[in-house]
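Descriptive structure summary
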Amino acid sequence: MTLVLGVDSSTQSTKALLVDADDGTVVASRTAPHPPGTEVDPRAWLSAFDEATDGLVERADAVSVAGQQHGMVALDEAGEPVRDALLWNDIRSSGAARDLIEEMGGPQACADAIGSVMVASFTASKLRWLRDHEPQNAARVAEVLLPHDYVSRHVSAPGTAAFTDRGDASGTGYFATAAGEWRPDLLELALGRVVGLPAVVAPEAVAAHTAGGAVIAAGTGDNAGAALGMGLEAGDVLVSIGTSGVASTISAVPVADGTGAITGFADAAGGFLPMATTINAAQILDLQARWLGVDHDELAALALAAPAGASGVTLLPYYGGERTPNRPDATGTWTGLTPRTTREDLARAAFEALLCSLADAVDLVVGATGQESRRILMVGGATRSAAVRALAPAVLGRPVVLPPAGEYVARGAARQAAWALTGVLPDWGLPATETLTADPTPAVRTAYAALREGSS
């Protein structure tokens, strides 16, 4: 049996899957936690990798690491961190992002250069923050890696030079996504000078070997890894409902959206991965459950007892501001409340607001690529809700495919490892998917759109 090891070095933990390269069957699965916080000593990820993969690397014929995007791993001449890594969710660099956009000629010029409009998450923004706030540390930087690059080099044979892939590189802010090459001038703009960057390795290529001789693939960022793990194809739209909401799709052509609604990333298979992200997602339901004094199962039952449209109650759920659309100072807005409004209506409005927000994101990524959507797949913890399952196809206006629960980022990394090992991208398929259907409720989205536009 040929075995491949896929690793997801995420924000919260390292997840490792040892997989049969022929059919994608998981042979072994392990996890190890990461420290909390928005800045972390990256050496903790190496310890977690060693714990989660103990005994698995030796069994694998090939290895690939996917990881959290954007994180700044700044190393000195000896390859040691000059400070803790700033993670994607560390927003101290928001001002730096605005400065870089202006210096690049404005939002559209920025999108044309790197595929996206710079935000605080991007590595370039963090490097600018480092330059301005910690000049002594900035002066010690000899090399900048992303989290997955750092872990990949850890598993490689001693002396291996750093490497990355275009999918993860496309979230740095100094990579020309459409052309597939580094922009040293933008790195210099951010940090004040050019330092070492990892080699960009093709998706199917052998990037390195372990000390034991196993093949190591390029690895990728977590979103690209999930798309590869799902086997997404052009026209598929993946909707993820977690702390944030994400709609992404595979595209053969790059996207450069100057509005910032779409981030024009690359994928892990030679194409592109345009994505729209919402700040408010599962927390909409968390808040509603807390306000109504119920658990999530009870919240779903209340919602399903109310009519479509929640008896005229509509919620714009921008509680923490919003990224898509770009309304950082927005707050939540309710309308249509009357003395006849019930607890059931309030619960239903929360679910409909969540799904309308995600439907807007789906429309954005589909419109940005100009291709018809073939399938909508939905993943994330909120998909366990009976109300999400029942209402998603109604609000989205079409069937929704629900894949089984799984570690799709690690699965994507394993699939990439098999590709590098054999030269052929395996077709593992998605076992036991469920297709959700319902009668469309277009009036729900019409009411939501009217509130969204009226509150702009």
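Notes on the structure in this doc start here. Remember, predicted model here, so these are calculated numbers, not experimental data. (Residues numbered from 1 in each chain as written. Predicted model: local features only at pLDDT ≥ 70, side-chain atom pairs only at ≥ 80, totals over all residues. Heavy atoms only, no water.)

Digging into the packing of helix α1 (residues 43–53) against helix α6 (residues 147–155)
- One way to put it is that α1 packs onto α6 with a least axis distance of 10 Å and a crossing angle of 55°. Taken as axis vectors, α1 and α6 run oblique relative to one another. Taken as a pair, α1 and α6 cross one another with a handedness that is right-handed. Taken together, the residues of α6 that come into contact with α1 (itself represented by R43, W45, L46, F49 and D50) are P147, Y150, V151, H154 and V155.
- Residues of the contact of α1 with α6, tallied by class, amount to 7 nonpolar, 1 polar and 2 charged. (Axes fitted to C-alpha atoms, helices over the stretch in contact; angles between N-to-C directions. Helix = DSSP H or I, 4+ residues; strand = E, 2+ residues; numbered from the N terminus. Parallel < 35°, antiparallel > 145°, perpendicular 65-115°, else oblique. Left-handed = near helix turned anticlockwise from the far one by under 90°. Contact = heavy atoms within 4.5 Å. Nonpolar A, V, L, I, M, F, W, Y, C, P; charged D, E, K, R; others polar.)

Observations concerning unusual backbone geometry
- Here the phi dihedral of A310 falls at roughly 50°; this positive angle occurs in a residue that is not glycine.
- Along the polypeptide, A310 turns up in the loop between α11 (296–304) and β20 (314–316).
- Relative accessible area serves as the criterion here: at 0%, A310 is assigned to the buried category.
- With phi around 55°, S311 is a residue other than glycine that occupies positive phi space.
- Mapping S311 onto the fold places it in the loop between α11 and β20. (Buried < 20%, exposed > 50% of the residue type's maximum accessible area, 1.4 Å probe, protein only.)

Examining the pairing of strand β3 (residues 26–33)
- As paired strands, strand β2 (residues 13–20) and β3 are joined by 7 bridges and run antiparallel to one another. Across the sheet, the residue bridging to S13 is P33, located in β3.
- As consecutive antiparallel partners, β2 and β3 are separated by 5 residues, and within that stretch G24 has a phi angle of approximately 85°, a positive value. (Pairing = 2+ DSSP bridges.)

Description of the environment of P403
- On the secondary structure map, P403 appears in the loop between β23 (400–402) and α14 (408–422).
- Classification of P403 as buried rests on a relative accessible area of 9%.
- For the pair formed by P403 and A432, sequence separation is 29 residues and the distance between their alpha carbons is 7.0 Å.
- Ignoring anything within four residues of it in the chain, the contact list for P403 reads M230, L377, M378, V379, Y408, L430 and T433.

A word on helix α9 (residues 222–230)
- Counting buried residues in α9 gives 7 out of 9 residues, a clear majority hidden from the surface.
- Listed as buried for α9 are A224, G225, A226, A227, L228, G229 and M230.
- Looking at the packing, one finds that the buried side of α9 touches β15 (220–221), β16 (236–241), β18 (263–266), β19 (272–278), β22 (375–379) and α14.
- A positive backbone phi angle near 70° is found at G231, which sits one or two residues after α9.

Some details on the nonpolar core
- Within the largest apolar cluster, 49 residues are counted, with the highest numbers of intra-cluster contacts made by V237, V239, I241, L299, F351, V362 and M378.
- If one sorts the elements of this core by residue count, helix α12 (residues 343–369) sits on top with 13 residues.
- Once residues within four sequence positions are removed from consideration, I241 is found in contact with A281, A282, L354, L358, M378, V379, G380, G381, A382, T383 and V388.
- Counting residues in hydrophobic clusters, the runner-up holds 48 residues, among them M72, M104, A138 and V246. (Core = buried A, V, L, I, M, F, W, Y, C linked by side-chain atoms within 4.5 Å.)

Geometric descriptors of this kind do not, in isolation, establish any biological role.
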